[in-house]
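Residue-level structural notes
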Number of protein chains: 2
Amino acid sequence: MSKGDETRDSVLRVALAQSSRVGLRGITIGGLAEAMEMSKSGLFAHFGSKEGLQTAVMDYAADAFTQLVIRPALKEPRGEPRLRTLFDRWLGWGGYADYALPGGCIFISVASEYDDEPEGPVRTKVVQIERDLLDTIETIVRGGVTEGQFRESTDAAAFAHDLLAIMLGYAFSARLLHDPAAAARAQDAFDRLLDHIRS
Amino acid sequence: MSKGDETRDSVLRVALAQSSRVGLRGITIGGLAEAMEMSKSGLFAHFGSKEGLQTAVMDYAADAFTQLVIRPALKEPRGEPRLRTLFDRWLGWGGYADYALPGGCIFISVASEYDDEPEGPVRTKVVQIERDLLDTIETIVRGGVTEGQFRESTDAAAFAHDLLAIMLGYAFSARLLHDPAAAARAQDAFDRLLDHIRS
DNA sequence: GACCAGTGCGAACGGTCGTGCTTTTATTGG
DNA sequence: CCAATAAAAGCACGACCGTTCGCACTGGTC
C-alpha cells in the first residue's frame, strides 16, 4: 500500500468515527484535517470533493460492518447459531462493544439524514447496504428452514424487517434514552422472534 | 394573539416542516427568512438565537403531536380501541397521512441528530417528549389491564418499547427503503403485539 | 402633537464552509 | 543517486453561517 493510500485509509478511519457522532453532513474537511494534523487542501486532494469523502466513508463503513458483523456470523453453523451470532455482533456494533463506533451505528444516522433526499450517491449507498443486510438475514433464515430448525411457513423477509426494527429500537433506547434495560429488552424481543419461527 | 405572536407562529409552522426534512441542525435562519419572505434579522429577533429557534420548534412539534395523535386516542374508549387509534394516528404522523410532516416524524430525526450530544436544551426536550410518549402508552395499556381486556401479567413498559420499535422500523422501511409493504408489516407486528397481551 | 413599546428591515461583522490554484516537499522506480 | 511522480502545503476565493446594531415604521396612550 502506497503512502497515499495509507493516509487516505487513516483519514477514513477518523472520518468514520467522527461521522458516527455528527453524521455524514456534520463532518467538515477542516475539522477532519485538524484531527489528522494535516492541511485542509492536502486532505481534500484525496477525495476531490466532500461528496467523494462521504461516499468513501460509506464504503469504508460497509467494509467494517462486513468484517465485524457479517463475517463472524457466517463462520457459525447454519441456522440458529448463525442467526444468534449475527444478532450479538450487530447489537455490539450499534451499541458499546469494543469494536463499536463512538457514535453508534452509522447507517442509522445516515439513514435518517438522507431519507428525504430525492436521490444522490450517498443515499443510494446506504439503501444498498441496508438491502444487502436484509438479504443476508433472509438467506440465513432460509438456511435454517432448509436445515429443519425453522418452520417451513417462515416469512424470511418479515423476520428480517422485524429484526431490523429491534435493532432500531435498541439504538434508540440505549443511545438517546440511556435506558439500562435496552440490551436486555432487545435480547428478549429477539428470543421471542426466534421462538416464533422455531419448529 | 398579537402581530408578533402571529408571525412567530407561522415561522414555526414553516420551520417545523423544514426541520422534518433536513433536521434541526439543517435549518438556517437565512433559508427560513427567504421562505417566509422576511428579513433574516427580523425573523431572528423572535427567537434570540438559533438554539432558541430550535427549542421553539420542538415545543411546537410536541404540541402538534399531542393534538394530532395523543388527543384523538384519548377520546376513544379505554383499552384496545384507544391503543389502536394511537397506533393508527402515530403511523400516520410518521408516514404519509394528510397531517404528517413532509419529512416524516421529526422526533426520530432529532433523536438521531442529538443522541450523542452530551446534553443541551434540544436533547433534553426530545428525551422528555419520548419519555412522555412511552408513559402515555404504558398508561393506556394499564388501563386495558384494569378493564380486563389485557392479561394481568402484561409488562406495560416492554409493550411501549416494542411499539416504539415498530414505529421506528416503519419509518425506516417507508422513508428510506420506500418499501410499499412497510405499513402492512407494521400493522401485522402491531396485531401480533396486541395478541400477545390480550386475555 | 409628542411619546412609546412593538415589530421589522438593512447593512455589516467575524467566522467557517467547500474548493481552486500554485508551490514545495516526500516518495518511488530505474 | 537522480529524475519522475505522488503527496501535501500554502494561500486565496466566494458563499453562507449566526449574530449585532441602528434605524424606520406602526399603532395606541397621555
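The structure displayed is predicted, hence computed values, not measured ones. (Residues numbered from 1 in each chain as written. Chains lettered and ligands numbered in written order. Predicted model: local features only at pLDDT ≥ 70, side-chain atom pairs only at ≥ 80, totals over all residues. Heavy atoms only, no water.)

1. A closer look at the environment of Gly95 of chain A
Residues and elements named next belong to chain A. Our working definition: Under the scheme used here, helices are H or I runs from DSSP no shorter than 4 residues and strands are E runs no shorter than 2 residues, and both carry numbers assigned from the N terminus. The rule is simple: take the accessible area with a 1.4 Å probe, protein chains only, and divide by the maximum for that residue type; under 20% is buried, over 50% is exposed, in between is partly exposed. Residue contacts are counted whenever heavy atoms from the two residues lie within 4.5 Å of one another.
With respect to the helices and strands, the residue Gly95 is situated in the loop between helix H5 (80-94) and helix H6 (106-114). The exposure class of Gly95 is buried, given its relative accessible area of 1%. For the pair Gly95 and Ala183, spaced 88 residues apart in the sequence, the C-alpha separation amounts to 8.6 Å. Contact partners of Gly95, with chain neighbours within four places excluded, come to Ala100, Tyr170 and Arg175.

2. Details of the interface of chain A and chain B
Interfaces are frequently sized by the accessible area removed from exposure as the parts join. Applicable threshold: Buried area adds together the accessible area that both of two parts lose upon being put together, with accessible area traced by a 1.4 Å probe. Salt bridge, as used here, is a side-chain nitrogen of Lys or Arg placed within 4 Å of a carboxyl oxygen of Asp or Glu. By the criterion applied in these results, polar contacts are pairs of N or O atoms within 3.5 Å in which, for protein atoms, one can donate a hydrogen and the other can accept it, and in which residues neighboring in sequence qualify only through two side-chain atoms.
Counting from both sides, the interface comprises 33 residues of chain A and, opposite them, 33 residues of chain B. For the chain A and chain B pair, buried surface summed over both sides reaches about 2,900 Å², with 60% attributable to carbon and sulfur atoms. The tally of links from chain A across to chain B stands at 4 salt bridges. For the pair chain A and chain B, the interface holds 12 residue pairs in polar contact (both at pLDDT 80 or more). At the level of elements, helix H1 (3-22), H6, helix H7 (121-146), helix H8 (156-176) and helix H9 (182-197) of chain A are the ones that each hand at least two residues to the side of chain A that touches chain B. The leading source of residues in the side of chain A that touches chain B is H8 of chain A, at 12 residues.

3. Things to note about the protein's contact with DNA strand C
Selection criterion: When we say a residue is near a molecule or strand, we mean one of its heavy atoms is within 4 Å of it.
DNA strand C sits among 19 residues. The nearest are Lys50 of chain A together with Gly4, Ser39, Ser41 and His46 of chain B. Considering the 4 Å shell around the protein, atoms of DNA strand C inside it are sugar or phosphate in 66% of instances. Interatomic distance of 3.3 Å between a side-chain N/O atom of Ser2 of chain B and a phosphate oxygen of DNA strand C. Here a phosphate oxygen of DNA strand C and a side-chain polar atom of Thr7 of chain B are 3.3 Å apart. Mapped onto the surface near DNA strand C, the elements with two or more residues apiece are helix H2 (29-36) and helix H3 (40-44) of chain A together with helix H1 (3-22) and helix H3 (40-44) of chain B.

4. A look at the relation of the copies chain A and chain B
To be explicit about the condition: A least-squares fit on C-alpha atoms brings the copies together, and the residues used are those whose pLDDT is at least 70 in both copies.
Laying chain A over chain B is done by rotating through 180 degrees and shifting 0.0 Å along the axis; what remains is an RMSD of 0.0 Å. Viewed as a symmetry operation, the transformation between the two copies matches a two-fold axis. No C-alpha of chain A lies nearer the rotation axis than that of Ala165 of chain A, which sits 2.7 Å from it. Take the interface residues of chain A: 100% of them recur as interface residues in chain B, which is what a same-surface contact looks like.

5. Some thoughts on the nonpolar core
Using the following cut-off: We define the nonpolar core as a collection of buried residues of types Ala, Val, Leu, Ile, Met, Phe, Trp, Tyr and Cys that are connected through side-chain atoms lying within 4.5 Å of one another.
Of all hydrophobic cores here, the largest spans 135 residues; its most connected members are Trp90 and Trp93 of chain A together with Trp90 and Trp93 of chain B. Sequence-distant contacts of Trp90 of chain B, defined by excluding residues within four places in its chain, comprise Phe65, Val69, Leu133, Ile137, Leu163, Leu164 and Met167 of chain B.

6. A word on H8 of chain A
Each turn of an α-helix holds 3.6 residues, which means side chains three or four residues apart point in the same direction. Residue and element names in this part refer to chain A. The criterion, for reference: A helix's residues, less one, multiplied by 1.5 Å, set its expected span.
If you check H8, its first and last C-alpha atoms are 30 Å apart, about what 21 residues at 1.5 Å a residue would give, namely 30 Å. Within H8, 20 of the 21 residues are buried, which leaves the element mostly enclosed by the surrounding structure. His178 sits one or two residues past H8 and shows a positive phi near 55 degrees.

7. Notes on the packing of H1 of chain B against helix H4 (residues 50-74) of chain B
All names here are of chain B. The following threshold applies: The axes used here are C-alpha line fits, helices contributing only the stretch in contact, and every angle between their N-to-C directions lies in the interval 0 to 180 degrees. For classification purposes, an angle smaller than 35 degrees is called roughly parallel, one larger than 145 roughly antiparallel, one from 65 to 115 roughly perpendicular, and anything else oblique. All amino acids are sorted into three groups, where Ala, Val, Leu, Ile, Met, Phe, Trp, Tyr, Cys and Pro are nonpolar, Asp, Glu, Lys and Arg are charged, and the leftover types, Gly among them, are polar.
Interaxial distance between H1 and H4 falls to 9 Å at its minimum, and their mutual angle equals 85 degrees. Here H1 lies roughly perpendicular to H4, going by the angle between them. Counted together, Arg8, Asp9, Leu12, Arg13, Ala15, Leu16 and Ser19 of H1 and Leu53, Ala56, Val57, Tyr60 and Ala61 of H4 form the full contact between these two elements. For the contact of H1 with H4, the residue count by class is 8 nonpolar, 1 polar and 3 charged.

8. Overview of the environment of Leu193 of chain B
With respect to the element layout, Leu193 of chain B can be found in helix H9 (residues 182-197). By relative accessible area, Leu193 of chain B is classed as buried at 10%. Residues Leu193 of chain B and Pro72 of chain B lie 121 residues apart in sequence; the distance between their C-alpha atoms is 21 Å. Excluding anything up to four places from it in sequence, Leu193 of chain B contacts Arg192 of chain A together with Phe159, Asp162, Leu163 and Ile166 of chain B.

9. A few points about the pattern of salt bridges
Inspection of every chain in the model, using the stated rule, returns 22 salt bridges over all chains. Where Arg192 of chain A meets Asp162 of chain B, a salt bridge forms, and the shortest distance between an N and an O atom there is 3.2 Å. Of this pair, Arg192 of chain A sits in helix H9 while Asp162 of chain B sits in helix H8 (residues 156-176), each in a different chain. Taking the relative accessible area as the measure of exposure, Asp162 of chain B reaches 14% and is therefore buried. In this structure, the salt-bridge partner of Asp195 of chain B is Arg198 of chain B, at a minimum N-O distance of 2.4 Å. Here the salt bridges share partners, and the residues they tie into one network are Glu80, Arg84, Asp191, Asp195 and Arg198 of chain A.

These results come straight from atomic positions and should not be treated as a statement about function.
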